[in-house]
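Chain residues, written in single-letter form:
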Amino acid sequence: MGIPGAFYIENFMQGGEFFLVSLTLDDVPNVGSIKFACNSWVYNSKKYKTDRIFFANKTYLPSDTPAPLAYYRQEELKTLRGDGTGERKEWDRIYDYDVYNDLGAPDKKATLARPVLGGSSTLPYPRRGRTGRKPTNKDPKSESRSDTVYLPRDESFGHVKSSDFLIYILKSASQNIIPQLRSVVTLQLNNPEFNTFEDVRSLYDGGIKLPTDILSQISPIPLFKELFRSDGESALKFPTPKVVQVDHSAWMTDEEFAREMIAGVNPHIIKKIQTFPIKSNLDSQLYGDNTSTITKEHLEPNMGGVSVQVAYEANRLFVLDHHDPLFPYLRKINATDTKAYATRTVLFLQDNGTLKPLAIELSTPHPQGDSFGPVSKVYLPAGEGVEASIWLLAKAFVVVNDSCYHQLVSHWLNTHAVVEPFIIATNRHLSVVHPIHKLLLPHYRDTMNINALARNVLVNAEGIIESTFLWGNYAMEMSAVVYKDWVFTDQGLPNDLIKRGVAVKDPSAPYGLRLLIEDYPYASDGLEIWAAIKSWVEEYVNFYYKSDGAIAQDAELQAFWKELVEVGHGDLKNATWWFKMKTRAELIEACTILIWIASALHAAVNFGQYPYGGYILNRPTKSRRFMPEVGTSEYNDLAKNYEKAYLRTITPKNDTLTDLTIIEVLSRHASDEQYLGERIEGDDWTSDSQPKEAFKRFGRKLAEIEQKLTQRNNDESLRNRYGPVKMPYTLLYPSSEEGLTCRGIPNSISI
């Protein structure tokens, strides 16, 4: 070929695989050095049906590939696609699709059967990586489960990576540590409930006394040594969550309750009220009239003299609406040990820029049947007496719903699950020398790995999510119902803000958008990051594609997009909103959205989990009792001891320990985390100097943005950035140290 463009490698070692980082050829005549960035596991050559090949770090569109290299480019893609048959083995390098049919374990017991997600209009879902495991005996549509789940080998780096170590810790926690903690609390401590808020605080201040034999089993695992800091040898102590580091009780204020809707761990659900009274999209034939019962008479006494009509017209009324996704499942959920309501919370934008909750509506199904509509009751703010305790409980029911929606939809479905088909389609159709493969690769790192682990211990039947969150056995099924309304083009931040009515287009405003809640930390910080990502992608795409015609003529790109839409997200393939992928503008927007989802959106909903939710009183995950009615013993108990009544209603002690253990691991950064604007290959990811320079500019821009965000947090007039809890909004700071930092935007969904 003249100048080498690729090399073959064979491994004759009997002992297994090795990790090939890179290869450099020096002193190539008329060229100098040729670099090959590999970052791949190479197994014994007997394990492979085709030879292992690595390409030089040059970037080519398919039509520009040197003729001798084009054949090898296509052959490698064929290898990665496989033939769709057989059970995959550890050394395989095959990317293929499957439905979510491996969450249940019907052969173990009937109650562990779970419906197949994906492949139907009733329960649609993004596809996952195919493993080819055998079907279960009881249900031929379900795949049998195993301790290890096949991943294309390069999706899991092995223990050279500390993020893999975090994944190992997560597995250890769910399979070994948590069962031990539960048995200690249940059997030996004989006290499965918290009785006072002080009991909860003791998890961080004094710890839970544990028998030394339990501690000795935990302590060999380095991260748990740190997590469960021991006093002498007898206490399990969690780090104090940020939300209570300055003030123990500020989380109880209405201002903080509302602030976390725009600066907390689930900051992209709140919407402007578009119609009043608030309407439902549920089928009235099935579920009756679900129009909200909140009236202007409920709201106006707390609006400082402003009428509902004036506030509505001035875009000052907002809603946190957790009614429609939950209501059809309430009857089933309430037949279990948990007790829940569908909730709506109406908020008023005050003159000082903060949000004030005005009313909470709690709804349950009608005793005579769903078609009779809900039974609803509206609760109003109160500052003293038993009414204040009732209001605190009403807020808890709202937050429980928000916690479940956050974990199953915002966090799992809308980042982890929706990105996996992109990873599979990229590897099947975009060669490693394709510019879009090189652009997207850093944003895929470790995602299939953590998703496979999640299917094994987090979102599976009786896994952590089902066990400790309100939605229980219906959790994943409910996320599939929500996926019906997923729109890829609305996942980009500007479109999301406009769709929710919290921003309007305004050419004179920064980034062409004016926020209706001016001090909206997630939105204002996010727009800075979004614009930086888009600018970088624009420069990159326009370097390689000189015209729209080049997009249409790119056979690999067209195959990638077609399969992504028709197979990867195939249950939504008939949606009219999919990009046709015929212009540079469409490619730029699609790549920007994908990078946003995998980096900033995931960071915003993930790394605040422990800082906000590590204090279970602030973000409970379960509700176990209904609201007490006047004249009942529960109501009298609430009047006598609101702390005990509150604690009997929310997540119990055992589930709290599980939640804290897991979300602390999930909220941590690994020591070798790759952050936005960084690449594992350094400068060797491409030989083209202009894209490399553009990438460096992107990195510098992110550093400037971080300084800007720090200045915002120092502006005392922006009350939503700190709130009563005195906790600055740092989740979209691009950089971070290792550990539990409540900041930092990794490139990818790696934990």
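Analysis parameters
- Residues numbered from 1 in each chain as written.
- Predicted model: local features only at pLDDT ≥ 70, side-chain atom pairs only at ≥ 80, totals over all residues.
- Heavy atoms only, no water.
- Helix = DSSP H or I, 4+ residues; strand = E, 2+ residues; numbered from the N terminus.
- Contact = heavy atoms within 4.5 Å.
- Buried < 20%, exposed > 50% of the residue type's maximum accessible area, 1.4 Å probe, protein only.
- Pairing = 2+ DSSP bridges.
- 1 Å grid on protein atoms, 1.4 Å probe; cavity = no way out; pocket = protein on both sides within 12 Å on 5 of 7 lines; lining within 4 Å.
- Points joined across faces, edges and corners; volume = space filled by probe spheres on them.
- Nonpolar A, V, L, I, M, F, W, Y, C, P; charged D, E, K, R; others polar.
- Core = buried A, V, L, I, M, F, W, Y, C linked by side-chain atoms within 4.5 Å.

Caption draft 1: Fine view of the side chain of Ser431. Along the chain, Ser431 turns up in the loop between helix H11 (385-429) and helix H12 (435-440). For Ser431, the residues in contact, after removing those within four places along its chain, are Arg73, Leu77, His437 and Glu556.

Caption draft 2: How the structure looks around the pairing of strand E10 (residues 317-322). In terms of burial, E10 is largely enclosed, as six of its six residues are buried. Because side chains alternate across E10, one face comprises the buried residues Leu317, Val319 and Asp321, and the other comprises Phe318, Leu320 and His322, equally buried. Of the strand pairs in this sheet, strand E9 (residues 271-272) and E10 are connected by two bridges, and their pairing is antiparallel. Residue pairing across strands places Lys272 opposite Phe318, the latter belonging to E10. For E10 and strand E11 (residues 342-349), the ladder comprises six bridges, and the chain directions are antiparallel. Bridge pairing in E11 links Leu320 to Thr345.

Caption draft 3: Looking closely at the layout of surface pockets. By volume, the largest pocket is sized at about 1,300 Å³. Lining the largest pocket we find 39 residues, and of these Lys271, Asn281, Tyr405, Asp485 and Lys499 sit closest to its centre. Elements represented by at least two residues in the lining of the largest pocket include exactly E9, E10, H11, helix H15 (475-483), helix H16 (493-499) and helix H20 (584-606). Element by element, the count of residues in the lining of the largest pocket is highest for H11, at four residues. Tallied by class, residues from the lining of the largest pocket come to 17 nonpolar, eleven polar and eleven charged.

Caption draft 4: Spatial organisation of the nonpolar core. With 187 residues, the main nonpolar core has Trp471 and Trp561 as its most contacted residues. Counting residues per element, this core draws most heavily on H11, at 24 residues. In this structure, Trp561 is in contact with Phe422, Phe488, Trp578, Phe579, Met581 and Ala590, ignoring residues within four places of it in sequence. Counting 14 residues, the second largest nonpolar core, distinct from the first, contains Met303, Val346, Leu358 and Ala359.

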